[in-house]
Amino acid sequence: MGQALCCVKVEESTVAITETYGKFKDVLKPGCHCLPWCFGRQIAGKLSLRVQQQHVRCETKTKDNLFVNVVASIQYRASAERASDAFYELSNTRTQIQSYVFDVIRTRVPKLELDSLFEQKNEIARAVEEELGKAISKYGFEIVQTLIVDIEPDEHLKRAMNMKRAAEEEKMLKIKRAEGDAEAKYLSGVGIARQCRAIVDGLRDSVLAFSEKVPGTTSRDVMDMVLVTQYIDTMKEIGASSKSNSGFIPYGPCTVRDIASQIRSGLLQASSTE
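Residues numbered from 1 in each chain as written. Predicted model: local features only at pLDDT ≥ 70, side-chain atom pairs only at ≥ 80, totals over all residues. Heavy atoms only, no water.

A. Examining the pairing of strand β7 (residues 67–78) more closely. Along β7, nine of the twelve residues are buried, which leaves the element largely enclosed by surrounding structure. Here ten bridges tie strand β6 (residues 52–61) to β7, and the two strands are oriented antiparallel to one another. Bridged to Thr60 within β7 is Val68. A loop of five residues connects β6 with β7, the two strands running antiparallel in sequence, and Asn65 in this loop sits at a positive phi of about 60°. In this sheet, strand β8 (residues 141–153) lies alongside β7 in antiparallel orientation, the contact comprising eleven bridges. (Buried < 20%, exposed > 50% of the residue type's maximum accessible area, 1.4 Å probe, protein only. Helix = DSSP H or I, 4+ residues; strand = E, 2+ residues; numbered from the N terminus. Pairing = 2+ DSSP bridges.)

Right under this line is the structure:
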């Protein structure tokens, strides 16, 4: 009905390209227009002015000979002032944009190592936006924004990186475990040294106190008594345990004094075998 009355409607964010007998005539803005088709006027097509987005995945190689896939997101739109150029100049805008993005990425990325590539992705995005903007502006398009949304190393490289990271983490765990064991052994040694010092101090005080309170006793008599007492306590603990892997010093059913002499003999034998 609209065509019969020579009226056409152009939607918002859209322009219509008109021709007269196949030759470009005018660009119609959004709204209702009179188009006398009887004089050869017709709409050649419509062009959207909305922002469009295109993802471009480019495989390339870094300076350290590692293959990566760089994914760029290109946001672009046709210029209302140059709608005729955008309509007539390019037959496939998306393919043309992809070609320019490939050219910029494959020029910049081989100059960078993989770690630098992750750090400088914003600089690469700006370079793509600048070069691409210059290239397609003459065709009536403008770049709104360019982003490097992903950098994907090759699958074999990712597995190797994961294995390397796992090995480094395992190495760190072993180092931490070894440091913990060394610290535990050091603290255990400190504890044993303090225990031995306390035992020696206790024995010294006991010998001195006993010698003062019991006239006629010597330090040797006191040490014999202490040794026998500790020996009996040890045998008591061994007998009370259901499972024991302790070693025995030489023993025989002798007198108490013989027990002390045998303890000394056992200690001397142990010292000589070390």
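Additional details are given in the paragraphs that follow.
B. Structural context of the sheet that holds β8. Here three strands make up an open sheet; going across it, the order is β6-β7-β8 and the pairing antiparallel. Of all strands in the sheet, those with a lone pairing partner are β6 and β8, marking the two edges. Geometrically, the sheet is characterised by an average inter-axis angle of 20° between neighbouring strands, direction not taken into account. The sheet strands contacting helix α2 (residues 93–108) are β6, β7 and β8, and the helix crosses β6 at an angle near 35°. (Axes fitted to C-alpha atoms, helices over the stretch in contact; angles between N-to-C directions. Contact = heavy atoms within 4.5 Å.)

C. A look at the sheet that holds strand β2 (residues 14–20). Taken in spatial order, the three strands of this open sheet run β3-β2-β5, and their pairing is antiparallel. The open sheet has two edge strands with one neighbour each: β3 (23–28) and β5 (41–48). Neighbour to neighbour, the strand axes of the sheet diverge by 30° on average, direction disregarded. When β2 meets β3, the two strands line up antiparallel, connected through five bridges. Among the inter-strand pairings, Glu19 is bridged to a residue of β3, identified as Phe24.

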